[in-house]
Amino acid sequence: MRLGIFGTGYAGLVTSVGLAQLGHTVTAIDKNPDIIARLSDGVPTIHEPGLKELLTSNLDAGRLSFTTKAADAMGESQIVFVCVGTPPRADGRADLSQVEEVACTIAPMLDGYKLIVEKSTVPARTAYWIDSTIRRLAGPEREFDIASNPEFLREGTAVRDFLHPDRIVIGADSGRARSLLLDLYQSSFSCPIIVTSVTTAELIKQAANAFLATKISFINMVSDVCEKLDVDVAAVAKGIGLDPRIGGDFLRAGLGFGGSCLPKDVSALIKVAEHSGVDVGMLKEVERINTARIDRLLAKIERALWVLPNKVIGVLGVAFKSDTDDIRGAPSLGVIPRLHSMGARLHVYDPAAVRNFERLYPPNDRLTYVASVYDAAREADALVILTDWDEFRSLDFGRIRDAMHTPIVVDGRNLFEPPLMQAAGFEYYSLGRGDATLHQKPFRERV
Ligand code: UDX
C-alpha cells in the first residue's frame, strides 16, 4: 500500500520506518526542513535502538521518503496516519492543535476516498472533531473516514514493539475503513487484532497507559510502607508479580513514571472523565503519588548529606528512562534544579540525553556535564542515580569509591542490592528498601 504519515517524532518516525519495513511505500511529512533533511540523509533524529539500520535500508530500497510538502504525503496514499504530538496543556487536557492543523491541511487536498487514521494518543471523541473539521473545510461531498489505530510503542524498544506487537487495535466505524486497516496488518502480524468503534479504540489507548501508571504508583505507594517496615519493596513486587493476574512488569518502585506519554495520558483521561461527569479521584491519587517521588528522593539526599551548599553531587542519568535521549517528564527535571537551588555543585552524566538536558540547563559554575560515571564520581560527596541505564548496573565500584570524597550513593532506581553496596563500602540509600543506616544496625536496634 501507499501510506502517508504526518509527524516524524518518536511515534511518527518509528511508524514510518516500521510500515516501510513491512513492504509498504511510505511518505512521511514534517514541517521542520532540518528534520526532513537529516532523515532523508538516513540520520535518525531520535535515539532509538535499531532505528538507523531500518531507516537507511528502507530509504535505499525506495520504500521510504521524507518531505515538507503535505501534498507529497497525501498523493496516491490510500491511508494517511496522524502521528503528531499531543502534549499536555497547563490544565492537564491534551493540546490537539497539531492534530487540528493536520485536519485543516488534509481537507483541501482530498480528491477521492482517503482513510485518515489517528496514531497519536488522543482523548476519546477526538475523531469526531477531526471528522467535523474536515467536513466543514472539504465540503459534504468529499469521501473519507476517520479511524483510530493507537500505537503501543515504548521509547527505547519502539522498533521491536512495532515489529512484534502483542495486539493491534483498529477503531473503525465503516466497513471500508475496517477492511483497509485489516488488509494493512493481517498479512504482517499474527498477534490478536481487535476491531472496535473509533471511540473505543481511543479509550483503549488512554486506559492502557492510565493502568500502567496506576500500577507504578501502586508499587511506589507500597514502597513507602516498606520504608517504614524496613522491608524490601523489590521482594514484595516479586511476590505479588508471580500471580499471573498481577504480572511482574511495571512493578519496579523508584522515581515514578515520566516520559511524554504516561503523565500526559493520565491527566488527559482525568479530563475526559470529568467532562463526562465521572469522578476519577483514583487517577488523581496516581498523579499525587507520582509527583511525590521527587520529594522522597530529595529527602533521602538531605538525610545522606545533611548540609547541601557546596556539596559535590554526581548525578547519573537525565533521560526519563534507559535507552532513550528523551527527557520529557524526566525526574531529572525536578531533582537537578532543586539540588542546584539548594547550593549543591553538580556533575551530571547521561549516555544519550545530556544534549537535550543542556539545552534547558546550560552549564554554570555549579553545574557541569561530564563524560563518564567516573568523572561524575570524582571528589563527589554523593552519587545520585536518576535513570536506570544498564551501564550503571556494571560499574567498577572500587574505582568509584576511591574517587569519591565520601562513598554515598542515593539510588532513585533501586538498581543495587543494599547489602552488596554496604559490603562494597558504600552508604547506600534507595526507595522502599529501608535506609542505609538501617542495614548497618542489628535487628533489635531497628525497632
Ligand atoms: C509508555 C507505554 O509503556 C507505551 O505502551 C505507550 O505507547 C507509551 O507510553 P514509555 O513512556 O515510552 O511507554 O515508557 P515506559 O517503559 O512505559 O516507562 C514509562 C515510565 O514509567 C518511565 O519513566 C519508567 O522509568 C517508569 N517505570 C516503568 C517505572 O517507574 N517502573 C516500572 O516498573 C516501569
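Owing to the predicted nature of the structure, the values given are computational and were not obtained by experimental measurement. (Residues numbered from 1 in each chain as written. Predicted model: local features only at pLDDT ≥ 70, side-chain atom pairs only at ≥ 80, totals over all residues. Heavy atoms only, no water.)

Let us look at the nonpolar core. Membership of the largest hydrophobic core comes to 57 residues, with the highest contact counts inside it found for Ile301, Ile313 and Ile400. If you tally residues by element for this core, the top one is helix H12 (residues 281-305), at six residues. If we ignore the near neighbours within four places in the chain, the residues touching Ile313 are Ile301, Leu305, Leu308, Leu339, Ala344, Arg345, Leu346, His347, Ala382 and Val384. Counting 40 residues, the second-largest nonpolar core is a separate cluster that includes Ala28, Ile36, Tyr113 and Ala158. (Core = buried A, V, L, I, M, F, W, Y, C linked by side-chain atoms within 4.5 Å. Buried < 20%, exposed > 50% of the residue type's maximum accessible area, 1.4 Å probe, protein only. Helix = DSSP H or I, 4+ residues; strand = E, 2+ residues; numbered from the N terminus. Contact = heavy atoms within 4.5 Å.)

Relative to the helices and strands, Thr214 resides in helix H9 (residues 198-229). Along the primary structure Thr214 and Ile106 are separated by 108 residues, whereas in three dimensions their C-alpha atoms are 37 Å apart.

Taken together, 20 residues form the shell around the ligand, and within it Leu153, Glu155, Lys205, Gly258 and Lys321 come nearest. One nitrogen or oxygen atom from the main chain of Leu153 is found 2.9 Å from an oxygen atom belonging to the ligand. Measuring from an oxygen atom of the ligand, one finds a backbone N or O atom of Glu155 at 2.7 Å. Summarising the interface, the protein chains cover 95% of the accessible area of the ligand, which totals 660 Å² for the free molecule. With four residues, the single largest contributor to the shell around the ligand is H9. Per-class residue counts for the shell around the ligand are 10 nonpolar, three polar and seven charged. (Near = heavy atom within 4 Å. Polar contact = N/O pair within 3.5 Å; in protein donor to acceptor, adjacent residues only side chain to side chain. Areas by Shrake-Rupley, 256 points an atom, 1.4 Å probe, with all protein chains shown as cover. Nonpolar A, V, L, I, M, F, W, Y, C, P; charged D, E, K, R; others polar.)

This part takes up the side chain of Ser223. Note on placement: Ser223 falls in helix H9. The class for Ser223 is buried, based on a relative accessible area of 1%. A polar contact is formed between the side chain of Ser223 and the side chain of Arg293, at a distance of 3.3 Å. Leave out the neighbours within four places in its chain, and Ser223 touches Val233, Ala253, Arg293, Leu431 and Gly432.

Next up on the list: the UniProt feature "binding site: substrate" (unreviewed entry) in the protein. With numbering matched to this structure, UniProt assigns "binding site: substrate" (unreviewed entry) to Phe152, Leu153, Arg154, Glu155, Lys205, Phe250, Leu251, Arg252, Ala253, Gly254, Gly258 and Lys321. Spanning 170 residues, the named residues are also spread out in space, since their farthest C-alpha pair is 24.3 Å apart. Residue classification places Arg154 among the partly exposed positions, given a relative accessible area of 39%. Looking at the element boundaries, Phe250 is found in the loop between helix H10 (233-241) and helix H11 (262-275). Classification of Phe250 as partly exposed rests on a relative accessible area of 29%. In this structure Phe250 touches Leu212, Lys215, Ile216 and Leu262, once residues within four positions along its chain are discounted. (UniProt positions renumbered as here; feature names shortened; annotations may be inferred.)

Looking now at the UniProt feature "binding site: NAD(+)" (unreviewed entry) in the protein. With numbering aligned to this structure, UniProt lists the feature "binding site: NAD(+)" (unreviewed entry) at Asp30, Thr86, Thr121, Glu155, Lys264 and Arg328. When you line up the elements, Asp30 lands in the loop between strand E2 (25-29) and helix H2 (33-40). Take Asp30: its relative accessible area is 16%, and that puts it in the buried class. Apart from residues lying up to four places away in sequence, Asp30 is in contact with Gly7, Thr8, Ile35, Ile36, Thr67 and Thr68. A polar contact of 2.6 Å, which involves the side chain of Asp30, links it to the side chain of Thr8. Residue placement: Thr121 occurs in the loop between strand E5 (114-118) and helix H6 (126-138).

Once that is clear, we can look at H11. Taking 1.5 Å of rise per residue, the 14 residues of H11 would be expected to cover 20 Å, and the 20 Å separating its terminal C-alpha atoms lies within 8% of that figure. Taken together, the buried positions of H11 are Leu262, Lys264, Asp265, Val266, Ser267, Ala268, Leu269, Ile270, Val272 and Ala273. As for H11, its buried residues are in contact with H9 and H12. Once H11 ends, the next one or two residues include Gly277, with phi positive near 80°. (Expected span 1.5 Å × (residues − 1).)

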